[in-house]
Amino acid sequence: MSILETSPELRGLDPRPVAAPLRADAAPAPVRMPDPAAHRLLRAKKAYSTRFVAAAIEQDPAAFGLVTDLTRAPRPGDVVLARVVSIGQHRRLESPVSRRQILFEGDEIVVAYGSRYAADQFLAVLPEDLGPCHLAAAGGLASRVVDQHAAVKDATVIEPIGLLTASGTASDAVVNLAAHAPHRVRAAGSTSGNAARVPVIAVIGTSMNSGKSTTLACLAHGLTAAGLTVHAGKATGTGAGNDAHHFVDAGASHVLDFTDFGLPSTFGLPFEDVRDVFATMADVLASPVRPGAPAPEVVLIEIADGVYQGETGRLLVDDAFRSVVDRVVFAAGDALGASGGVAALRALGCEPSAVSGVLTASPLATAEARRALDVDVVPTYDLCLPAVAWAAAGLGDAGLGDVRLGDVRLGAGHAVA
């Protein structure tokens with residue numbers, strides 16, 4: 001069953017056509033890649049989303065095979081070798097080390113299947129077979145675009161050559177990102193509980209490009225400058241390295257995103273999976289990086305897209321979120337979005353401790369928001385200042401006050417009712 005049939009947000013959309021189907025006589029059985037094909041796989045351009053699989057390929061390319069059954073339905077995270085048919089919106093592929101690799105028609109690339117929700121770019125869904133589809137994100141997402149923003153070009157078209165398999169196993173199992181990821185997703189109720197003992201601050205926004213990642217990075221920089229050990233992550237969205245690298249550059253000492261848990265994207269997954277990814281990430285980020293290392297004093301987690309995005313809206317009212325998140329910082333693109341967003345958060349039982357984001361690039365928009373709101377509106381880059389970051393994070397005055405970081409919850413009260 002397609003996501004277009006199961007998601008109330010997408011039902012009724014008319015999918016866009018894609019390129020002509022692949023030849024019908026392709027071999028349906030798994031095939032072992034001969035040595036020249038292993039060399040071909042080594043030469044293929046690898047995507048950021050597949051970086052852990054790419055490392056395994058570099059180590060032993062002969063350990064991988066291909067399955068070319070065109071009727072096979074890929075799963076989210078399945079890894080595919082594909083050929084670039086035509087160049088569209090995405091002219092570059094982000095490499096495992098986040099270099100922007102220029103794409104040419106005929107290039108062979110290693111990417112992962114998944115769906116995408118991006119209000120400023122594409123709505124794309126998991127294909128139902130191995131027919132031609134699209135490169136729906138520069139981080140390496142093979143998907144089928146069904147709608148798009150009017151300002152973007154048509155998507156780059158790719159032709160799958162075959163799903164990667166782990167050759168030598170009993171069933172030549174298809175390679176999925178989860179098998180090579182450094183972290184495993186656990187059920188929300190089976191985590192260690194560390195996130196309940198460390199202040200956790202969620203950064204949420206009105207929509208894509210509202211300034212969430214920059215807000216979190218500046219907050220991380222300010223809190224680090226205040227002398228705190230900060231761990232940061234991005235729990236939902238579409239895989240790309242820029243946000244994670246931004247958090248590292250801002251001073252966070254440990255950074256994760258959902259690709260570290262084997263997911264190229266979180267859109268289109270069952271909500272329970274999204275919830276479990278968030279809960280597991282919060283728990284891992286609240287833990288020492290390694291035995292003997294100190295625990296973080298603050299955890300920052302970005303939630304992608306906006307409050308009205310389906311998974312985000314459900315997550316905000318779920319116990320897995322409400323039991324660990326102590327503060328919410330809200331990013332908005334304009335004053336009206338800030339006002340409406342704060343009202344929407346309060347209706348969900350979330351009290352934001354500060355508003356920031358793209359709107360604060362405009363002094364006029366900032367002034368409008370301050371007149372309309374009873375919440376502090378903080379220019380994004382002011383969050384780089386320790387005292388400002390401390391206050392925006394809801395940590396009390398510009399000192400510890402009644403907060404014992406890393407021991408108990410924030411003394412000023414929980415911001416998620």
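Details of the structure are given in the entry above.
Residues numbered from 1 in each chain as written. Predicted model: local features only at pLDDT ≥ 70, side-chain atom pairs only at ≥ 80, totals over all residues. Heavy atoms only, no water.

1. Quick notes on the nonpolar core
In this structure, Ile204, Phe278, Ile301, Phe321 and Val355 are the most contacted members of the largest nonpolar core, which totals 40 residues. With six residues, helix α7 (residues 271–285) is the single largest residue contributor to this core. Sequence-distant contacts of isoleucine 204, defined by excluding residues within four places in its chain, comprise Lys212, Ile303, Val307, Leu316, Phe321, Val328, Val329, Phe330 and Ala331. (Core = buried A, V, L, I, M, F, W, Y, C linked by side-chain atoms within 4.5 Å. Buried < 20%, exposed > 50% of the residue type's maximum accessible area, 1.4 Å probe, protein only. Helix = DSSP H or I, 4+ residues; strand = E, 2+ residues; numbered from the N terminus. Contact = heavy atoms within 4.5 Å.)

2. Thoughts on the side chain of threonine 366
Take threonine 366: it is sitting in helix α11 (residues 363–372). Of the polar contacts made by the side chain of threonine 366, one reaches the backbone oxygen of serine 362; its length is 2.8 Å. Excluding residues that lie within four positions of it along the chain, threonine 366 makes contacts with Leu359, Thr360 and Val377. (Polar contact = N/O pair within 3.5 Å; in protein donor to acceptor, adjacent residues only side chain to side chain.)

3. Digging into the sheet that holds strand β18 (residues 352–356)
In spatial order, the strands read β15-β14-β16-β13-β17-β18; together these six strands make up an open sheet with parallel pairing. Each edge of the sheet is formed by a strand with only one pairing partner; in this case those strands are β15 (254–257) and β18. Each neighbouring strand pair of the sheet contributes to a mean axis angle of 20°, computed without reference to strand direction. Note that strand β13 (residues 200–205) and strand β16 (residues 298–302) share four bridges and pair parallel. Within β16, the position partnered with valine 203 by the bridge is glutamate 302. Its contacts with the sheet place helix α5 (residues 212–225) against β13, β14 (230–234), β16, β17 (327–331) and β18, and it is angled at close to 170° to β16. (Pairing = 2+ DSSP bridges. Axes fitted to C-alpha atoms, helices over the stretch in contact; angles between N-to-C directions.)

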